[in-house]
Amino acid sequence: GGEAKGRGGSLSRRSSQGARAARPATAGARVTPSSTPKAAPKAAAEADAFAENGDKAERARKGRKRSAVSKPLVEDLQRPETLRTLESCLAQHCTQNLRSLLFHTDFKKHCAAVEVIASLVEDESSLQGVLDNLDLVLQWFAIRICEGNMQVLVKILDCVGGLADALKARGHSVTDYEAGCLLPCLVEKCGHNIDRIRQSYRELLTKLADVYSPKPLVLSLLQGTSSKNHRTKVVCVEVLEALYASHDSEFHSSKIIKEVASLIQERDVTLKNKALALLSAVYQNVGAGIWRYLSSVPEPVKATLEAKFKTLEPVAAASRTPGSAKRPGTAPAAPRTPSSERATPTSSLKFRASPARRGPA
């Protein structure tokens, strides 16, 4: 009887152990790593995408109508209703998983969202979906940039640079409406207090000229020179100088040249020198023709420019063009010899006497 009782007890213990081993399958059990479905993350990653659609044209029409009434400001991007409106728009055109990353409260999810967008841009099969929703994507970038998280900012700047490369390779240009979703934010925020971030902004703003019309880009940067942040002013002038090398004709107007010349009166020495460098490049390109655009600048600015131009040699003998007579009297003698500055009065008298000798002939 005792032996049977022992066997019964042993059997009972084995049964209870078997029951405990089977418990993980119940609702309150701890799930082991082996029970986690491995295919789920991969399936979710494959699903992340923007849907191709034709709704952007209607959004652009409404956007232009709103802009005609009140010009959008960078400050508007930081309003909660702006983010809610954007989320409701994107909800129709992106997968649920991507939407949850885009509008999560955790910045790490935003980093993950940027990485997803970058991968979609690199893949030709998914790029069209990004292009069909490009205005919404650029708005999202602008909002996150304004939030100021460093990790998100670095990823966005890198992603936008890759996007510009992809658009250029495709021969695709950004419209005024699309550029207006992000460009004002890039211009205003380019004066970051960290050097390497400012450099990233400089490179990106310069690269945008490959996929966006240079003239409105130049005008946007010109607006940046009136920013309250002096570093923003400096970066904008640096980008303008870089753009002048390849898009010089876009600068040859009184509005642009006068705006740049006005920066010479700034107290910040770096900004003043950057403005002088840009105007010097213009002078070396067009010679005395630059004075057509500077007819009404203040006398102190004019004097500073005259002194600077004396040290420069105009390219392609621009000083010998018919318009060179408009150049101030001290300027023509400057390129010749270091001593020409002292000989200016004599040179000026000879210039006035010359017509008198030709008159009798």
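Residues numbered from 1 in each chain as written. Predicted model: local features only at pLDDT ≥ 70, side-chain atom pairs only at ≥ 80, totals over all residues. Heavy atoms only, no water.

1. What about the overall build of the protein chain?
Threshold: Per the convention used, a helix needs a DSSP run of H or I reaching at least four residues, while a strand needs a run of E reaching at least two, with both numbered from the N terminus. Burial here depends on accessible area, computed with a 1.4 Å probe over protein chains only, as a share of the maximum for the residue type. Under 20% is buried, over 50% is exposed, and the range in between is partly exposed. Residues count as neighbours in contact if any of their non-hydrogen atoms are within 4.5 Å of one another. All accessibility values rest on the Shrake-Rupley procedure with a 1.4 Å probe; residue burial counts only the protein chains present in the view.
On a plain count of helices and strands, the protein chain comes out with 17 helices and zero strands. Relative to its 361 residues, the protein chain shows a buried fraction of 38%. Taking as baseline every contact in the protein chain between residues at least 6 positions apart, the subset at least 24 positions apart corresponds to 71%. Summed over its atoms, the accessible surface of the protein chain is roughly 20,300 Å², and 53% of this surface lies on carbon and sulfur atoms.

2. Some remarks on the packing of aromatic side chains
We count it as follows: Stacked, tilted and edge-to-face are the three classes assigned to paired rings of Phe, Tyr and Trp, where Trp is represented by its six-membered ring and a pair needs centres within 6.5 Å; plane angles under 30 degrees give stacked, over 60 edge-to-face, the rest tilted.
Overall, the coordinates contain four aromatic pairs when judged by the stated rule. Taking the centre distance of 4.3 Å and the plane angle of 5 degrees together, the rings of Y283 and F309 count as stacked. With Y283 in helix 15 (residues 269-286) and F309 in helix 16 (residues 299-309), this residue pair connects regions lying 26 residues apart in the sequence. Both residues of the pair, Y283 and F309, belong to the buried class. Relative to F309, the ring of W291 has its centre 5.7 Å away and its plane inclined at 70 degrees; by these criteria the two rings are edge-to-face.

3. A few points about the side chain of E178
To keep things clear, this is the line we draw: Here a polar contact means two N or O atoms within 3.5 Å. Within protein one must be a hydrogen donor candidate and the other an acceptor candidate, and residues neighboring in sequence count only if both atoms are side-chain atoms.
One can find E178 in helix 10 (residues 176-189). Within the local environment of E178, its side chain forms a polar contact with the backbone nitrogen of T175, the two atoms lying 3.0 Å apart.

4. Let's talk about the packing of helix 11 (residues 195-207) against helix 13 (residues 230-244)
Rule in force here: As a rule, the C-alpha atoms of each element are fitted with a line to give its axis, helices using only the stretch in contact, and angles between N-to-C directions run from 0 to 180 degrees. In these notes the angle categories are as follows: under 35 degrees is roughly parallel, over 145 is roughly antiparallel, 65 to 115 is roughly perpendicular, and the rest is oblique. Left-handed describes a crossing in which the near helix is turned anticlockwise from the far one by less than a right angle; the clockwise case is right-handed.
Taken N-terminus to C-terminus, the directions of helix 11 and helix 13 make an angle of 40 degrees; their axes are 10 Å apart at the nearest point. Of the possible angle classes, the one that applies to helix 11 and helix 13 is oblique. Taken as a pair, helix 11 and helix 13 cross one another with a handedness that is right-handed. Taken together, the residues of helix 13 that come into contact with helix 11 (itself represented by R198, R202, L205 and T206) are R231, V235, E238, V239, A242 and L243.

5. Remarks on the side chain of S227
Along the chain, S227 falls in the loop between helix 12 (214-224) and helix 13. When its relative accessible area of 7% is taken as the criterion, S227 is described as buried. Separated by 3.1 Å, the side chain of S227 and the backbone nitrogen of N229 make a polar contact. Those residues in contact with S227, other than ones at most four positions away along the chain, are E188, T232 and K233.

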